[in-house]
Amino acid sequence: MAKPAKTSSVQAASDTRLGTVTAEAGDENDKLSSRDFVSSLSRGLEILSSFSRTSKKMTLSEVAAETGMSRATARRFLLTLVKEGYVITDGKLFDLTPKVLDLGFSVLSKIGIWDRARPFMERLSEQTGESCTAAILDGLDVVYVAGVQAHNIISVGITVGSRQSAFYTANGRVLLASQPEENWDGIIANARLVPRTRHSVTNKAELRATLETVRDQGWALVDQELEEGLLSIAIPLKFRSGVLAGSINIAVPSIRATRDTMVDVYLPKLRETAEDIQKSLAH
């Protein structure tokens, strides 16, 4: 009788590893192990993110302070990013280059929902004569994933892929208010309330009350908190399942609207647009 073939130690080890990987892949709660974590990549990404948070050119010392790194460490990462073309410097100030857009636009372009939404947003802009944007939440920022700019002498500029603090935009407040309430303490605790105008909320208790109001009424109105002379109203955009997809808004210069106008005139049209987009996603 032939003896059973012996399993080699290499094959056994391979099977063990395969089983481990399969088990790990199926465990959604599995945490990234220390041996799989690449700290240098994480730090490089933190350097890039710091420019998005501050929205300005920075010195080496400012980058180090913003990221919590030493000057020597920040310098090494900055010079690496300069060599790779993601950062530019004049010898004193550092800034991002347009190459960083390559990291985001390919992702945004694949989000089919915004392709579906755009025709409805264009119709809304034509009906109202105002600019319309769609956004998603990224941490405590909003990222604009679609936009239609009105053809007025005075209109709101829109750049797809740009970001703003979620705390001072109507899109951002709608998205923050839609988060599970157990996450709110962390959101409020980490809020960086740097006033953009004299109207901006600067008190965290007031911010929480504002988000509660937005959650209860289902829409957010921001009156000149992001920019003087700009009103914006937004509502959440959801799939038919109820899962949050993002938000859409209308932004209007204050010379053409009041708070009452935003609620009485623009909000119904915004809701109608969101419903039409939602219906289109079901087909």
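Keep in mind the model is a prediction, meaning the values are calculated, not measured.

### Digging into a nonpolar patch on the surface
Working step 1: Residues V38, L41 and L45 make up a contiguous nonpolar surface patch of about 280 Å² in total accessible area.
Working step 2: Here L41 is to be found in helix α2 (residues 39–54).
Working step 3: We classify L41 as exposed; its relative accessible area is 53%.

### Some details on unusual backbone geometry
Apart from glycine, the bulk of residues carry a negative phi angle, and the bulk of peptide bonds sit in the trans form.
Working step 1: Unlike most non-glycine residues, Q224 shows phi in positive territory, near 60°.
Working step 2: Mapped onto the elements of the fold, Q224 is located in the loop between β7 (220–223) and β8 (230–238).
Working step 3: Q224 gets classed as buried once you look at its relative accessible area, which sits at 17%.

### Some points on the environment of K238
Working step 1: Mapped onto the fold, K238 is located in strand β8.
Working step 2: Taking C-alpha positions, K238 is 9.8 Å from L281, a pair spaced 43 residues apart along the chain.
Working step 3: If sequence neighbours within four positions are ignored, K238 has contacts with V243, L244, A245 and Q278.

Calculation rules
- Residues numbered from 1 in each chain as written.
- Predicted model: local features only at pLDDT ≥ 70, side-chain atom pairs only at ≥ 80, totals over all residues.
- Heavy atoms only, no water.
- Patch = residues over 30% accessible without salt bridge, like charges linked within 9 Å, V, L, I, M, F, W, Y side chains within 5 Å.
- Areas by Shrake-Rupley, 256 points an atom, 1.4 Å probe, with all protein chains shown as cover.
- Salt bridge = Lys/Arg side-chain N within 4 Å of Asp/Glu carboxyl O.
- Helix = DSSP H or I, 4+ residues; strand = E, 2+ residues; numbered from the N terminus.
- Buried < 20%, exposed > 50% of the residue type's maximum accessible area, 1.4 Å probe, protein only.
- Contact = heavy atoms within 4.5 Å.

Keep in mind that these numbers describe shape and distance, not what the molecule does.
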